[in-house]
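# Architecture and fold: a report
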Amino acid sequence: MTSNSLVRPVLHYVCLDMLVDVVFPLRLSPLTYRVPEGLPHDITGRIVKAPLMHGSRFGLAVDVRMGPGDESIKIKELLDVHDTFASATHLKFLKWLSEYYLSPAGLALKSSFFEEAVSQQTDRRKSKKVVDSTFAGSLPEISGMISPAVVSGILNRVKACSYSALVYHAQDLESEYATLFEMLRQLPADLRGIVVLVPETGFIKKAATFLEQIFGQRLVVLHSKLGKNERAESIKKIISGNSDVILGTRSAMLAPLPHASFIVVIEEQNRSYKGEEGLRYNARDLAVMRAFIDKSCVLLSSICPSIETDFNIRKGKYVQLAKISLQSSEKRPRIKIVTFRTKKQSELSLSSEVINEAGNLLQKKERVLFLVGRKGYSLIRCEDCGHIESCGNCSIPMIFYKSIGMLKCHHCGHERRSSESCGECGSQRIRPFSAGTERVMEDVREALKTPALLVQKARISSPPAKEFNSNNPGLSDFAPFVIGTSLAKRKVGVENKFSAAVLMNIDLLLAQPDFRAYEHAFQEIIEVSQMVKREGSLLIQTKSPGSKVLKCMKHYDFETFADLELSQRKDLDYPPYSRLVLFSVFGKAGGTDLTHLWRVVRSVRDDAVSIFGPVEVPSASKAYGQCHHILLKSRDSRKLHEMAKTLLSGLECDKRIKVVVDVDPLKI
DNA sequence: AAGGCTCGGCGT
DNA sequence: CGCCGAGCCTTG
């Protein structure tokens, strides 16, 4: 402090300036500007123009306050003030978003369609009305599937206009959609600000057709597959207030809606709601937080709720609507657990029971779906030393593609020609094991004398079967046997469900090294059961039919399964009893300064937080050859968050490494 | 994002 | 010795 400030304190007091924090859609924290005379003073939440570096940019004014104008840093002046982008509650939401996911405010803003909003600011020329092909297609049929108790339960909560989180555990997808649409139809006409989230773009078309019937021009769609102009158009409609009903995928939860009165998350357990790059938010969690901030109602619906959601119901944080008994399974496909142990590698990948059932259905011209869970032909194992052919970079098993005689690494994309002998001991006795789609195709052809249709890639939003084409087959095309990985599972229409589905290797799913493996396997069963006719059957091939999980699956017994799962999670202190933050530290191959890494990790110790790692993991990044994981786990989410923040700033001191933080990771 | 700045490789 | 380009750094 110089004597200057001591002799002129009063002057300082009088000459307080109006200051504003501005967030730019860049990897950058808020910057402070002075608001000059002549500009409006009510600027929080508005788009402003401000000098930045050598030029000027649009940013969002997030906080206005009075403050001393002549500190050591030179404060530049705001240039211009434009329209409102974010309401007060939306601002709170954005702030929470960047803090919770440990991301610079600017990145959260960038993910929140700010640039689209600004493009409207500069470019006011009318873009031609996109007459939406999105709204083509027929209405989904509604029969007697609607649950009136659920509909009225939701309506009562929505009308209460206070925060509440509801869960609708539906019996099947058809009744889930039918009930939700009926409920949306019955909403008060003056209720403004509705968000409906679906897990993937493939679900949008049908939902849009339906919602447009109810809301007309109030509806906008918002998802990642929209073009730049279409997206800007949707954002413009939302900001102007012309449209206040948003249907979209995860990113739609970040739309600049002034107030959300009601948010629906369809299939809330779906992992697509969690981002795997950029700002790694979980749209389902955002929905709950947005509803909390806006003091409104959020509805999580699902045919198989996540364990987190079930836990929150048990704790009383969420309210479950008209609990249905999942064990009343008359209307569901029968689930058969088929014991199947391969003794010899040469044996078929299909059990005789599966072959019989499929053969019978084939005679009746009925269709069967085989879900395999692995692409390619198989893995390769040495019968002498037990070595499994693996990728040199990732040290994970490589997939054998018989048709081209290649081994491929699914993780890094590395390919090499398959060899005649074991890479470890040189033995010639190497054999395929653990069947993939190619192998199952071969076996189906051999055992049932009928070729099967291999669904290679999932078609997400293609029009119905009118463009039948054997080069580009889809699930709706007619073929007696369809084979695919679980990627191929899609919502199939009521009219083209399968008579039976076979889950070939549930054991693979159950053996995943992830504490959510059982949960995912259970969800997989429920999802697959939706592709089978009610009177059809679902066959699950397994080596260990006695497992408790499979017993629950057989009876669609979600409650018992959740009991089991929760008690295990509690014993091991896993979510939802604790929370996780996963750090991925990337460095040039061999160049990661491990001593620095360890020093930072050691410096942040806290008894309430467990730290695992750093451990080296295969790096999928091309730019960085090395990746280390550090996992933080704690029951105390505040302390966990604090430590994650400290650790992040500690790690970021080393400029040679790149750090990616994943709060509440789904895959660990 | 984008202009400035540093540092290292390479050419004369 | 000097020029050029890649990548890093900063933004009030």
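Note that this is a predicted model, so its numbers are computed, not measured.

Per the secondary structure count, chain A includes 19 helices and 27 strands. Here chain A holds 668 residues, and the buried ones make up 53% of them. In chain A, of all internal contacts separated by at least 6 residues, the share reaching a separation of at least 24 is 75%. Roughly 31,600 Å² of accessible area belongs to chain A as shown, and the carbon and sulfur atoms make up 52% of that amount.

Spatially, the seven strands line up as an open sheet ordered β8-β9-β7-β10-β11-β6-β12, and their pairing is parallel. Whereas interior strands pair on both sides, the edge strands pair on one side only; in this sheet they are β8 (219–222) and β12 (319–320). Sheet strands in contact with helix α10 (residues 283–293) are β7 (194–197), β10 (262–266) and β11 (297–302), and its direction is about 155° off that of β11.

Next up on the list: the packing of helix α18 (residues 594–603) against helix α19 (residues 637–651). Running from N to C, α18 and α19 point in directions that differ by 155°, and their axes come no closer than 9 Å. Between α18 and α19, the interaxial angle falls into the category roughly antiparallel. Of the two possible hands of crossing, α18 and α19 adopt the one that is right-handed. Taken together, the residues of α19 that come into contact with α18 (itself represented by His596, Leu597, Val600 and Val601) are Leu647, Gly650 and Leu651. Looking at the contact of α18 with α19, its residues break down into five nonpolar, two polar and no charged.

As summarised here, the arrangement of the four strands in space is β25-β26-β24-β27, forming an open sheet in which the pairing is antiparallel. Of all strands in the sheet, those bounded by a partner on one side alone are β25 (609–617) and β27 (658–663). Strand after strand, the sheet turns through a mean of 15° between neighbouring axes, direction not considered. Here strand β24 (residues 579–587) pairs with strand β26 (residues 626–634) via nine bridges, running antiparallel. Its bridge partner being in β26, Leu582 is matched across the sheet by Leu631. Contacts from α19 reach β24, β25, β26 and β27 within the one sheet, and its direction differs from that of β24 by about 10°.

To continue, consider unusual backbone geometry. With omega at 10°, the peptide bond leading from Pro575 into Pro576 counts as cis. Along the chain, Pro576 turns up in the loop between α17 (558–572) and β24. One non-glycine residue with positive phi stands out, namely Phe113, at about 65°. Residue placement: Phe113 occurs in the loop between α4 (105–111) and α5 (114–122). Here Asp664, not a glycine, exhibits a phi torsion of approximately 55°, which is positive. Along the polypeptide, Asp664 turns up in the segment after β27.

In the region of DNA strand C, the neighbouring residues are Leu28, Leu31, Thr32, Tyr33, Pro51, Leu52, Met53, Ile73, Lys74, Ile75, Lys76 and Lys655. The backbone of Met53 places a nitrogen or oxygen atom 3.2 Å from a phosphate oxygen of DNA strand C. Mapped onto the surface near DNA strand C, the elements with two or more residues apiece are β2 (31–34) and β3 (46–52). Per element, the largest residue contribution to the surface near DNA strand C is three residues, and it comes from β2.

This part covers the protein's contact with DNA strand B. Taken together, Leu26, Met53, His54, Arg57 and Lys110 form the complete shell of residues around DNA strand B. Looking at DNA strand B alone, sugar and phosphate atoms form 80% of those within 4 Å of the protein. Separating a phosphate oxygen of DNA strand B from a side-chain N or O atom of Lys110 is a distance of 3.1 Å. Looking at the surface near DNA strand B residue by residue, the class counts come to two nonpolar, one polar and two charged.

Let us now look at the packing of aromatic side chains. Using the criterion set out here, one finds 14 aromatic pairs in the structure. Here the aromatic rings of Trp96 and Tyr100 are separated by 5.1 Å at their centres, their planes lie at 20°, and the arrangement is stacked. Of this pair, Trp96 and Tyr100 both sit in helix α3 (residues 88–100), separated by four residues, roughly a single helical turn. Owing to a relative accessible area of 19%, Trp96 belongs among the buried residues under this scheme. Each member of the aromatic cluster is reached from another via a ring pair, and the members are Phe93, Trp96, Tyr100 and Tyr101. It is Lys658 that lies over the ring of Phe586; its NZ or CZ is 5.8 Å from the centre.

This part is about the pattern of salt bridges. In the structure shown here, the tally under the stated rule is 31 salt bridges. A salt bridge links Arg34 to Glu77, with the shortest nitrogen-to-oxygen separation between them at 1.9 Å. In this pair, Arg34 sits in strand β2 while Glu77 sits in the loop between β4 (55–67) and β5 (80–84), placing the two residues 43 residues apart along the sequence. By relative accessible area, Arg34 is classed as partly exposed at 22%. Residue Glu77 is classed as partly exposed on the basis of its relative accessible area, which comes to 33%.

What follows deals with the domain arrangement of chain A. Under the domain assignment used here, chain A contains domain 1 (18–117), domain 2 (130–324), domain 3 (330–378 + 434–570) and domain 4 (579–663). Just the C-alpha atoms count here: the centres of domain 1 and domain 4 sit 30 Å apart. Contacts between the two partners involve five residues from domain 1 and, on the opposite side, nine residues from domain 4. If you sort the residues of domain 1 by the area they bury against domain 4, Tyr100, Tyr101 and Leu102 come out on top, with a joint share of 87%. Across the contact surface, domain 1 and domain 4 share zero salt bridges. Tallied by class, the residues present in the side of domain 1 that touches domain 4 amount to three nonpolar, no polar and two charged.

Moving on, we come to the packing of helix α7 (residues 173–185) against helix α8 (residues 204–215). Taken N-terminus to C-terminus, the directions of α7 and α8 make an angle of 20°; their axes are 10 Å apart at the nearest point. Comparing their axes, α8 and α7 come out roughly parallel. In the packing of α7 onto α8, the handedness of the crossing is right-handed. Between α7, through Phe181, Leu184 and Arg185, and α8, the contact on the second element is made entirely by Ala207, Phe210, Leu211, Ile214 and Phe215.

Cut-off values and rules
- Residues numbered from 1 in each chain as written.
- Chains lettered and ligands numbered in written order.
- Predicted model: local features only at pLDDT ≥ 70, side-chain atom pairs only at ≥ 80, totals over all residues.
- Heavy atoms only, no water.
- Helix = DSSP H or I, 4+ residues; strand = E, 2+ residues; numbered from the N terminus.
- Buried < 20%, exposed > 50% of the residue type's maximum accessible area, 1.4 Å probe, protein only.
- Contact = heavy atoms within 4.5 Å.
- Areas by Shrake-Rupley, 256 points an atom, 1.4 Å probe, with all protein chains shown as cover.
- Pairing = 2+ DSSP bridges.
- Axes fitted to C-alpha atoms, helices over the stretch in contact; angles between N-to-C directions.
- Parallel < 35°, antiparallel > 145°, perpendicular 65-115°, else oblique.
- Left-handed = near helix turned anticlockwise from the far one by under 90°.
- Nonpolar A, V, L, I, M, F, W, Y, C, P; charged D, E, K, R; others polar.
- Near = heavy atom within 4 Å.
- Polar contact = N/O pair within 3.5 Å; in protein donor to acceptor, adjacent residues only side chain to side chain.
- Phe/Tyr/Trp six-rings, centres within 6.5 Å; stacked < 30°, edge-to-face > 60°.
- Lys NZ or Arg CZ within 6 Å of the ring centre and 35° of its normal.
- Salt bridge = Lys/Arg side-chain N within 4 Å of Asp/Glu carboxyl O.
- Domains from an automatic or database assignment.
- Buried area = accessible area lost by both parts, 1.4 Å probe.

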